[in-house]
Amino acid sequence: MFNLILFGPPGSGKGTQSERLISKYGLKHLSTGDLLRSEIAGQTPLGLAAKSFMDKGQLVPDEVVIEMISSALDNNPQAHGFLFDGFPRTVAQAEALDKLLAQKGTSIAVVLALEVNEDELTKRLLNRGLTSGRSDDRDEGTIRSRHSEYQKKTAAVADHYKKYGKVVFVKGEGDIDEIFQSLCKEIDLRDRA
Ligand code: AMP
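These figures come from a predicted structure and were not determined experimentally.

Participant: Account for the packing of aromatic side chains, with residues named and values stated.
Facilitator: With the rule as written, the count across this model stands at 3 aromatic pairs. Look at Phe-82 and Phe-84: their rings are 6.0 Å apart centre to centre, the planes differ by 35 degrees, and that puts the pair in the tilted class. With a centroid separation of 6.3 Å and an interplanar angle of 45 degrees, the aromatic rings of Phe-84 and Phe-87 are classed as tilted. Taken as a pair, Phe-84 and Phe-87 share a single burial class, namely buried. Three or more aromatic residues joined by ring pairs form one cluster here, namely Phe-82, Phe-84 and Phe-87.

Participant: Could you give an account of the site of the ligand, naming the residues involved and the relevant values?
Facilitator: In the region of the ligand, 16 residues are neighbours, and Thr-32, Arg-37, Gln-58, Gly-86 and Arg-89 sit closest. Between the ligand and the protein, one listed contact pairs an oxygen atom with a backbone N or O atom of Gln-58 at 2.6 Å. Between a nitrogen atom of the ligand and a side-chain N or O atom of Arg-89, the distance comes to 3.0 Å. Burial of the ligand by the protein amounts to 96% of the accessible area it has alone, namely 480 Å². When residues in the shell around the ligand are grouped by element, the largest group, 4 residues, is from helix α2 (residues 32–41). Looking at the shell around the ligand, its residues break down into 6 nonpolar, 5 polar and 5 charged.

Participant: So, helix α4 (residues 62–74): which residues are in play, and what are the values?
Facilitator: The first and last C-alpha atoms of α4 sit 18 Å apart over 13 residues, in line with the 18 Å expected at 1.5 Å per residue. Turning to α4, its buried residues are Val-65, Met-68, Ile-69, Ser-70, Ala-72 and Leu-73. Where α4 is buried, its residues touch β2 (28–31), α2, α3 (45–55), β3 (82–85) and α5 (91–103).

Participant: Describe the nonpolar core, with residues and values.
Facilitator: In terms of nonpolar packing, the biggest core is built from 27 residues, with Phe-84, Leu-97 and Tyr-161 touching the most fellow members. Mapped onto this core, the elements with two or more residues apiece are β1 (3–7), α3, α4, β3, α5, β4 (108–115) and α7 (140–162). Ranked by residues supplied to this core, first place goes to α4 with 5 residues. If sequence neighbours within four positions are ignored, Tyr-161 has contacts with Ile-5, Pro-88, Ala-94, Leu-97, Asp-98, Ile-108, Val-111, Lys-166 and Val-167. By size, the runner-up hydrophobic cluster in this structure holds 18 residues, among which are Leu-4, Leu-112, Val-170 and Ile-187.

Participant: Tell me what's going on with the side chain of Glu-186, and back it up with residues and numbers.
Facilitator: Here Glu-186 shows up in helix α8 (residues 176–188). Beyond its immediate chain neighbours, meaning those up to four positions away, Glu-186 contacts Leu-112, Val-168 and Val-170.

Participant: Tell me about the environment of Pro-9, and please be specific about residues and values.
Facilitator: By the secondary structure assignment, Pro-9 is in the loop between β1 and α1 (14–25). Owing to a relative accessible area of 8%, Pro-9 belongs among the buried residues under this scheme. Taking C-alpha positions, Pro-9 is 8.3 Å from Thr-154, a pair spaced 145 residues apart along the chain. Not counting the four nearest positions on each side in its chain, Pro-9 is found in contact with Lys-14, Leu-114, Leu-121 and Tyr-150.

Criteria and cut-off values
- Residues numbered from 1 in each chain as written.
- Predicted model: local features only at pLDDT ≥ 70, side-chain atom pairs only at ≥ 80, totals over all residues.
- Heavy atoms only, no water.
- Phe/Tyr/Trp six-rings, centres within 6.5 Å; stacked < 30°, edge-to-face > 60°.
- Buried < 20%, exposed > 50% of the residue type's maximum accessible area, 1.4 Å probe, protein only.
- Near = heavy atom within 4 Å.
- Polar contact = N/O pair within 3.5 Å; in protein donor to acceptor, adjacent residues only side chain to side chain.
- Areas by Shrake-Rupley, 256 points an atom, 1.4 Å probe, with all protein chains shown as cover.
- Helix = DSSP H or I, 4+ residues; strand = E, 2+ residues; numbered from the N terminus.
- Nonpolar A, V, L, I, M, F, W, Y, C, P; charged D, E, K, R; others polar.
- Expected span 1.5 Å × (residues − 1).
- Contact = heavy atoms within 4.5 Å.
- Core = buried A, V, L, I, M, F, W, Y, C linked by side-chain atoms within 4.5 Å.

In structure tokens, the structure reads:
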């Protein structure tokens, strides 16, 4: 089993690159943002509770997303591996993920961290807001909160995995195909058995 985390700030291209990576490597895509948006669309109690955080650009509480990921892992026993996108976003989430994977006899192989400068990130999110239908991409204040949550709580997730030598930084600016090739090169260097 090969599990990877595609890491980076909001707007760094995780969603775009995830789509390509899962189709090339046959991984199961687990995006907590997508899972939460489908809970909102289904008007479930979880979705309604999460929406108020998401609309403000704040992180949803750890217990909620950890439970969602735990169910998703259990519901995909046939998966050859998982690509985690937008998760973990706190050190507590990372520790919970490590534990859940260990219970299944597996672990994170690599954390690929996309690096993009902040002006470019804001520009990309505002652009995406024109077509994505995501209200959290349309408002500059919400975008600023998402970046501040990232700096305050999420950046430390890279430090957590650095302790295990699992983090590789990849330039996330420029041509989408070239970024994809850089990501593939890192994956291909590793044992995917
Ligand atoms: P994303 O689609 O990954 O940009 O996530 C959109 C929003 O969903 C974030 O701004 C958070 O409010 C929430 N969210 C997504 N993933 C997580 C997570 N792992 N932990 C907490 N909140 C999350």
